[in-house]
Amino acid sequence: MKRHLIGASIASALLLTTACNKQDNTSINTTPVKAEATKLEVAATSELEQQARVKLKTLAGMMDEARAKNIDVAREETIVWFSEQFLKFANWDEANPDTIEKAFGYERYYAENKKQLALELPTFERQKVIEILDKGIDVLGQELRGEIKRRPVNKVDWQGTKAADNMFISNGKPIFPYDYFSKTVGQPLTNTDVYNDHLGALYHGGENLYPVDHDRAINSFLLNEDGTFNQELMKELTDIPDTNIGFLYYWIMGIPEWIEKQEPEVRKGRSLFTGFDIDNPLVRDVWGKIIRETGRLTKGKKVTELGFVLANEPHWYAEKGHWTHKFKEMNDISSYTLNKFRAWLDTKYTGNLAELNTNWGTSFKSFDQVTIEIPIDPALLGTPIWYDWSRYNMDRSTDWFSYVQNELHSVNSDAHTSIKIMPRMFMEDARSGGIDTEALAELTTMVGHDAKAFGSKNIRPGKSSKWLEKYAYSWGKVAMFHDFMESVAPNKINFNSESHFLSSGQWRDLDTRTSYVRSVYWLATLLGMDANTGWFWARDPDGSPEDRLEGDLDFFDPGLGGAYAGSNNMQPHVTNEVTQVMYDLNSFSEEIVELREQARPLRLFYSETTAINTTDYMTKGYKLYEELFFEGAPLGFVTKNIIEKQDNSSWDTVLVYNNPNVSDGEFAALQAYLNTGGTIIQDVNSLTLNEYGQTRTDKLIAGKGKLVILEADANLAKVKQVALTEVADKMPNVVIAEDNSVDHKTTTWRTVKQADGSYLVNILNVGHNTAQLDLTLRDGQSVSITNMMTGNTLEPSFQLKSEGVLLLKVVPQ
């Protein structure tokens, strides 16, 4: 195949590194591109498309042969579809360079080279089409020759899939629905060029971000000042065809002027995607009416099968200097919020004003006179006033979402709900954002979020990409967040309603590795993700950017304007791979669910109290999680609520590490667990203080259980050794030894013993290097191994490439 160079501007502007970002096939020239080279690229355009057309014809012939042999060709049908689409897109992009240049110009990372990037893009797209066709021809050829045997694709039933207790069911089997968030707004839901097996066919209600309160959203403008409903806007909701499953959004970014006139404080305490004070009584009255009416009108409709998303990325960061304040968020609080805070304090301190004054160093005469400066000074972190406000800020948002859900359930008790929680609200150290991740996961009927990963370095100046030193992509936050959510809500569907695995405001790479795409989607699904809608699909069927991207854009950064450049909308290889990996996951859906539903023998104790009071709780917690992740057994978490509400026999040992501040309730829960025979490993610095930093004199006692106190100087390696020793008899029989030429592990595996004595084993390598793996059984038996995705046998010693994924059947001999 003749190579066509993409050019220096892509090579320099896109995320290409030598050691850390390996490309699948296409190499990108890093030397300057002369004008003559650009002319040659344009001249060769028709040749590239001709090459692709020849390959399309070849693949079509092979597909006919496969059908005659009853070989499933759903994967190849998708390759053909995306190839045709992106050849069309490349022609559109080539004919409209000014539009594409403008798109690159909106993203500051690309802006300097926007003209060159726009000129080179069509060639790049055609090259990638050729690559996916070559791969499709190769793989189908292997199957036709009998060299491999693939399992037929288990397609999503877009009309009949149902939400069960903790998974979606399609044709009697688990299924993982997929689609794109914010999808080609302006196109009818019935357009099969947009809603199909290739892109996904979930009907969205209210995914339109810009303009902020239109399209099919359930929003504040549905209710008129006179109490009637805006039937024109309501029609956008009621006209959604009752054919495909989908989900609806409560889009709460805007507020009508008539509410602002009646309630001058209504914007106080607003945040970016929550455009009003959630404590305002008029807001609650208006939204209560909207929720009840829309809930009544949509009851039983297929578009609600994935539920109602109660909010988009809610957050209320209330500390001075936080980056959200550039959007004028939480710069003040309303009198309603202050009065509710006063009542909360009265309850928290059981009416003991003297105790509050002692804690705060104040001299208030009554709880009704309590004042607080918001935004709060971060210098107060670790003090009682910081804790009280931060805890209240979480509780008030939970109260809002409880109200919203209760209003919906008052007219539709079966309605599913989720909240698009940003994982940063849990994974980052800051706890001033007003989100109690555990409480909201407990509240809603589905777990909701928009988990992301970085496939390449962070493109923003000064932002860290430290994970690249050890791993091919940022797997850690995906894994730890999912393990926490699955621990809190093990029997709930996990819905990622805006998966940022392909790009985000902080990273994108036009030449993203397809191996990364496969690995990250596989990892997230293995760890609990039941459905996802990716960010984002914005091509109209003719190849042009969809309506919201036309004209001049002036959105916040990162916003829709900059999101198009370098995204999957320009990446045939990436967009195809998303569907291919979802096909494979759905074809092995029963095995994936079996792997994810194992017991988690070792649980890490999580305390929101410590998280609020310290500056590095999650940083340290992640290091511990990372240390334990590559040992072949799933990790879990416990909290006070998990101990009190869930069956304690579903785990074996609780590790309490770096939890100095815990409430009396948290301490009591741990002691109760010991009293009933549990095992706790504790470091000497944990459980020593209460939520206000006051010394706790009580210490845990073993009771009927086992209490292991770590040595004072125990490092992470020692903690890991002690923890694994305690759960040694619960570790899987399958063991994998790894040699990856570095001093840290990068291969993770999960194992389930089958009824016939064999083992189902999933392996992922998230490191940079190929790993040499040796698979053995603890009991010493020899094994035979079959790659379930190809039907081929493997020797017990084998290699797994960087970002490789394996699903194996291991049979003791």
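Anything mentioned here points back to the structure above.
What you see is a predicted model, and the numbers here were worked out from it, not measured in a lab.

Colleague: Outline the pattern of salt bridges, supporting the account with residue identities and numerical values.
Modeller: Counting across every chain of the model gives 54 salt bridges. As a salt-bridge pair, aspartate 134 and lysine 55 come within 2.8 Å of each other at their nearest N and O atoms. Remark: lysine 55 occurs in helix H3 (residues 45-68) and aspartate 134 occurs in helix H6 (residues 114-144); sequence separation between them is 79 residues. The partly exposed category is assigned to aspartate 134, whose relative accessible area is 29%. Connected through salt bridges with shared partners, the residues Asp279, Arg284, Lys340, Arg396 and Asp399 form a single ionic network.

Colleague: Residues and numbers for the environment of leucine 297, please.
Modeller: Within the fold, leucine 297 resides in helix H9 (residues 281-298). Along the backbone, leucine 297 and asparagine 412 are 115 residues apart, and their C-alpha atoms lie at a distance of 9.8 Å. Once residues within four sequence positions are removed from consideration, leucine 297 is found in contact with Met234 and Thr238.

Colleague: Lay out the packing of helix H4 (residues 74-95) against helix H18 (residues 572-587) in plain terms, naming residues and giving numbers.
Modeller: When two helices pack together, their arrangement is captured by the angle between the axes and the distance separating the axes. Relative orientation of the contacting elements H4 and H18 amounts to 160°, with a least axis distance of 10 Å. By the angle between their axes, H4 is roughly antiparallel relative to H18. As H4 runs across H18, the sense of the crossing is right-handed. Residues Ala74, Arg75, Thr78, Ile79, Phe82 and Phe86 of H4 lie in contact with H18, whose contacting residues are Pro572, Thr575, Asn576, Thr579, Gln580, Tyr583, Asp584 and Ser587. Broken down by class, the residue content of the contact of H4 with H18 amounts to 6 nonpolar, 6 polar and 2 charged.

Colleague: So what's going on with the environment of tryptophan 287? Which residues, and what values?
Modeller: Within the secondary structure, tryptophan 287 sits in helix H9. Every residue in contact with tryptophan 287, bar those within four places of it in the chain, is listed here: Ile218, Asn219, Ser220, Tyr250, Trp251, Ile252, Phe276 and Trp400.

Colleague: Before we move on, can you summarise the sheet that holds strand E13 (residues 602-605) with the specific residues and values?
Modeller: Reading across the sheet, the 5 strands line up as E14-E13-E15-E16-E17 and stay open at both edges, with parallel pairing between neighbours. Each of the sheet's edge strands pairs with one partner strand only, and the pair in question is strand E14 (635-638) and strand E17 (706-709). Neighbour to neighbour, the strand axes of the sheet diverge by 25° on average, direction disregarded. Of the strand pairs in this sheet, strand E15 (residues 653-656) and strand E16 (residues 679-682) are connected by 4 bridges, and their pairing is parallel. By the bridge assignment for E16, leucine 655 is matched with isoleucine 681. Each of E13, E15, E16 and E17 is contacted by helix H24 (residues 716-726), which is oriented at about 175° to E16, the strand it contacts most.

Colleague: Talk me through the pairing of E14; I want residue IDs and the actual numbers.
Modeller: If a strand is regular, its side chains alternate between the two faces of the sheet. Burial along E14 is two-sided: the residues Leu635 and Phe637 and Gly636 and Val638 are all buried. The pairing of E13 with E14 spans 4 bridges and is parallel. Paired with arginine 603 across the bridge in E14 is glycine 636.

Colleague: Quick rundown of unusual backbone geometry? Include the residues and the values.
Modeller: Following isoleucine 374, the chain continues into proline 375 via a peptide bond in cis, with omega recorded as 5°. By secondary structure assignment, the location of proline 375 is in the loop between helix H11 (353-360) and helix H12 (384-411). Geometrically, the link from tryptophan 535 to phenylalanine 536 is a cis peptide bond, its omega value of -15° lying close to zero. At serine 182, a position not held by glycine, the phi torsion is positive, near 55°.

About the cut-offs
Residues numbered from 1 in each chain as written. Predicted model: local features only at pLDDT ≥ 70, side-chain atom pairs only at ≥ 80, totals over all residues. Heavy atoms only, no water. Salt bridge = Lys/Arg side-chain N within 4 Å of Asp/Glu carboxyl O. Helix = DSSP H or I, 4+ residues; strand = E, 2+ residues; numbered from the N terminus. Buried < 20%, exposed > 50% of the residue type's maximum accessible area, 1.4 Å probe, protein only. Contact = heavy atoms within 4.5 Å. Axes fitted to C-alpha atoms, helices over the stretch in contact; angles between N-to-C directions. Parallel < 35°, antiparallel > 145°, perpendicular 65-115°, else oblique. Left-handed = near helix turned anticlockwise from the far one by under 90°. Nonpolar A, V, L, I, M, F, W, Y, C, P; charged D, E, K, R; others polar. Pairing = 2+ DSSP bridges.

Bear in mind that shape data such as this cannot, by itself, settle questions of function.
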